[in-house]
Amino acid sequence: KLFPFTAPKPLLSEIRTFGLGDRLGIAAPGQLRAIEKYDAIPALAQQSIRELNLTGRTFDDVLDAATFGVFREDFRRGFIADGDHLKTDDEVEYALGSGYTMITLDCSEHIRNNVNNMTDAEVYGKYQDDKQLEELYCNKSFAVEDYIVSFSAEEFRRACLIYCNAIDHAEHIYRKYIEGRPVAFELSIDETATPTTPAQHYFVASELIRRGVKLTTVAPRFCGEFQKGIDYIGDLEQFDREMIVHAAIARHFGYKLSIHSGSDKFSAFPSIGKHTHGVFHLKTAGTNWLEAMKIVAEKDPALYREVHAYALNEAFGEARKYYHVTTNLNNIPSLETLTDAQLPELFSNNDARQLIHITYGLILNHGDFAARL
């Protein structure tokens, strides 16, 4: 009440927004000093239920740390509090009850991942006739800026099988928790094995907007790999071609495109900035954790060696259950071959970065490390 600028706001519709996240609860001052140089709005409090469980924190803890960071730095531009990758009614209620101003609805459990492996005949057999949707989309084409998005009968049926349950779930959450409230609404369809084609993106957005759902941002599952803590993996030319259309679809329907797992995706950033016309939401989270651990490697090599060995030999197998990574532990140099001065160089090794990136929860909750870190 005394310092209104320290309260989060639903600012996701601002031109450029960055989901920064802070798994340690101490990174906000540094993040604000970085972002204050640019015309962008931060989501400082950005945590998923998975991250809360792994770090032993609550939504209140995360928001309190962000609020105090904003107060300490006298940051008056405003910030967002994002209940990230929420899946259920209870999770959405939890975030909103803690004062969060943005809900990222993760629809992955309502998306069918096996459809792309089906033949056209199998898809036809699974598809249930929907005359209304067929009249709207089947064998129809739509102009989106300079591009045409087309639905053959096969493309339409696949889109229905993959996404219709997710569309129903998103509408339910919107009606119950978002509609009429000062809360930004992001739809996440990226946490799946199924890349979102431009036509499927159009179908999902068109259907939700036809039902009266107001989307602030949408996060498709782009082609290639957006893995944790490393650069984009995949065909950049294909990514660029598809980004052009994804960005046009977002403008067509009046929301921003959101890019998840955006940490360190330096090769993809130029395409994102160019084709969204600089209007986007980009989520990062693990980079400040990796930078913190790099400082540990520089300042307390003995401690870092202990943490690294624990992550490698004990924590990684458990941590990879929660994240999709293709980490090859054999590519990480043995600690015995490295001098203390060489330890920070591990953070230039993609496999070592992912090792430390995804084991953060187990490291932070390890009794021997918690106080020393």
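All of the points below concern the structure found in this document. These numbers come from a predicted model, not from an experiment.

Scoring rules and cut-offs
- Residues numbered from 1 in each chain as written.
- Predicted model: local features only at pLDDT ≥ 70, side-chain atom pairs only at ≥ 80, totals over all residues.
- Heavy atoms only, no water.
- Salt bridge = Lys/Arg side-chain N within 4 Å of Asp/Glu carboxyl O.
- Helix = DSSP H or I, 4+ residues; strand = E, 2+ residues; numbered from the N terminus.
- Buried < 20%, exposed > 50% of the residue type's maximum accessible area, 1.4 Å probe, protein only.
- Contact = heavy atoms within 4.5 Å.
- Expected span 1.5 Å × (residues − 1).
- Polar contact = N/O pair within 3.5 Å; in protein donor to acceptor, adjacent residues only side chain to side chain.
- Lys, Arg positive; Asp, Glu negative; His and termini not counted.
- Axes fitted to C-alpha atoms, helices over the stretch in contact; angles between N-to-C directions.
- Left-handed = near helix turned anticlockwise from the far one by under 90°.
- Phe/Tyr/Trp six-rings, centres within 6.5 Å; stacked < 30°, edge-to-face > 60°.
- Pairing = 2+ DSSP bridges.
- Disulfide = S-S within 2.5 Å.

## Thoughts on the pattern of salt bridges
A side chain of one charge can pair with a side chain of the opposite charge when the charged atoms of the two come close. Here the structure, examined in full by the defined rule, presents 24 salt bridges. For Lys-87, the salt bridge goes to Glu-109, with nearest N and O atoms at 3.4 Å. Of this pair, Lys-87 sits in the loop between strand 3 (80-86) and helix 4 (89-97) while Glu-109 sits in the loop between strand 4 (102-106) and helix 5 (120-126), and the two are 22 residues apart along the sequence. Glu-109 gets classed as exposed once you look at its relative accessible area, which sits at 60%. Residue Glu-186 is joined to Lys-283 by a salt bridge in which the shortest nitrogen-to-oxygen separation is 3.3 Å. One end of the pair, Glu-186, is in strand 7 (residues 184-188); the other, Lys-283, is in strand 10 (residues 280-283), and 97 residues separate them in sequence.

## Here we look at the environment of Tyr-322
Within the element layout of this structure, Tyr-322 appears in the loop between helix 12 (301-319) and helix 13 (350-358). Here Tyr-322 falls in the partly exposed class, since its relative accessible area comes to 34%. C-alpha separation for the pair Tyr-322 and Val-144, spaced 178 residues apart in sequence, amounts to 37 Å. If we skip the residues at most four places from it in the chain, Tyr-322 touches Arg-50 and Leu-54.

## Some points on helix 9 (residues 236-253)
An ideal rise of 1.5 Å per residue puts 26 Å on 18 residues; helix 9 measures up with 25 Å between its terminal C-alpha atoms. All of the buried residues in helix 9 are Phe-239, Met-243, Val-245, His-246, Ala-247, Ala-248, Ile-249, Ala-250 and Phe-253. Residues of helix 9 that are buried make contact with strand 5 (140-144), strand 6 (147-151), helix 8 (198-210), strand 9 (256-259) and helix 10 (269-275). A distance of 2.9 Å separates the backbone nitrogen of Glu-237 from a side-chain oxygen at the start of helix 9, and that oxygen is part of Asp-235. Phi for Gly-254, located one or two positions after helix 9, is positive at around 85°.

## A short note on the side chain of Asp-106
Relative to the helices and strands, Asp-106 is located in strand 4. The buried charged residue Asp-106 lacks any salt bridge partner; its closest oppositely charged side chain belongs to Lys-87, at an N-O distance of 4.4 Å. Engagement of the side chain of Asp-106 in a polar contact is seen with the side chain of Ser-108, the distance being 2.8 Å. Ignoring any residue separated from it by four or fewer positions in sequence, one finds Asp-106 in contact with His-85, Leu-86, Lys-87, Ser-188 and Glu-191.

## Here we look at the packing of helix 4 against helix 7 (residues 153-178)
Two numbers describe how helix 4 lies on helix 7: the axes approach to 11 Å, and their chain directions differ by 35°. As for how helix 4 packs across helix 7, the hand of that crossing is right-handed. Contacts between helix 4 and helix 7 involve Asp-89, Val-92, Glu-93 and Leu-96 on the former and, on the latter, His-172, Ile-173, Lys-176 and Tyr-177.

## Topic: the packing of aromatic side chains
The description of an aromatic ring pair uses the distance of the two centres, along with the angle that the planes make with each other. By the definition in use, this model includes 26 aromatic pairs. Taking the centre distance of 5.7 Å and the plane angle of 55° together, the rings of Tyr-304 and Phe-347 count as tilted. Of the two residues, Tyr-304 sits in helix 12 while Phe-347 sits in the loop between helix 12 and helix 13, which places them 43 residues apart along the sequence. For the pair Tyr-304 and Phe-347, one class covers both residues: buried. In textbook terms, an aromatic cluster arises when at least three aromatic residues are bridged by ring pairs, as seen for Tyr-127, Tyr-137, Phe-142, Phe-151, Phe-156, Tyr-202, Phe-203 and Phe-253.

## With respect to the sheet that holds strand 10
Reading around the circumference, 1-2-3-4-7-8-9-10 is the order of the eight strands in this closed barrel, with parallel pairing throughout. Here the average twist between neighbouring strands, direction ignored, is 25°. Together, strand 2 (41-48) and strand 3 form the strand contacts of helix 3 (residues 59-73), whose direction differs from that of strand 2 by roughly 160°. Contacting strand 3 and strand 4, helix 4 crosses the sheet at an angle of about 170° to strand 3.

## Some thoughts on the state of the cysteines
Inspection of the entire model under this criterion finds zero disulfides. The thiol of Cys-107 is unpaired, and the distance to the nearest cysteine sulfur, on Cys-164, comes to 12 Å. Since its relative accessible area comes to 0%, Cys-107 is described here as buried.

## Looking at unusual backbone geometry
Not every positive phi belongs to a glycine, and Asn-139 is a case in point at roughly 60°. Along the polypeptide, Asn-139 turns up in the loop between helix 6 (131-137) and strand 5. Even without being glycine, Asp-264 reaches a positive phi, approximately 70°. Examined against the element boundaries, Asp-264 turns out to sit in the loop between strand 9 and helix 10.

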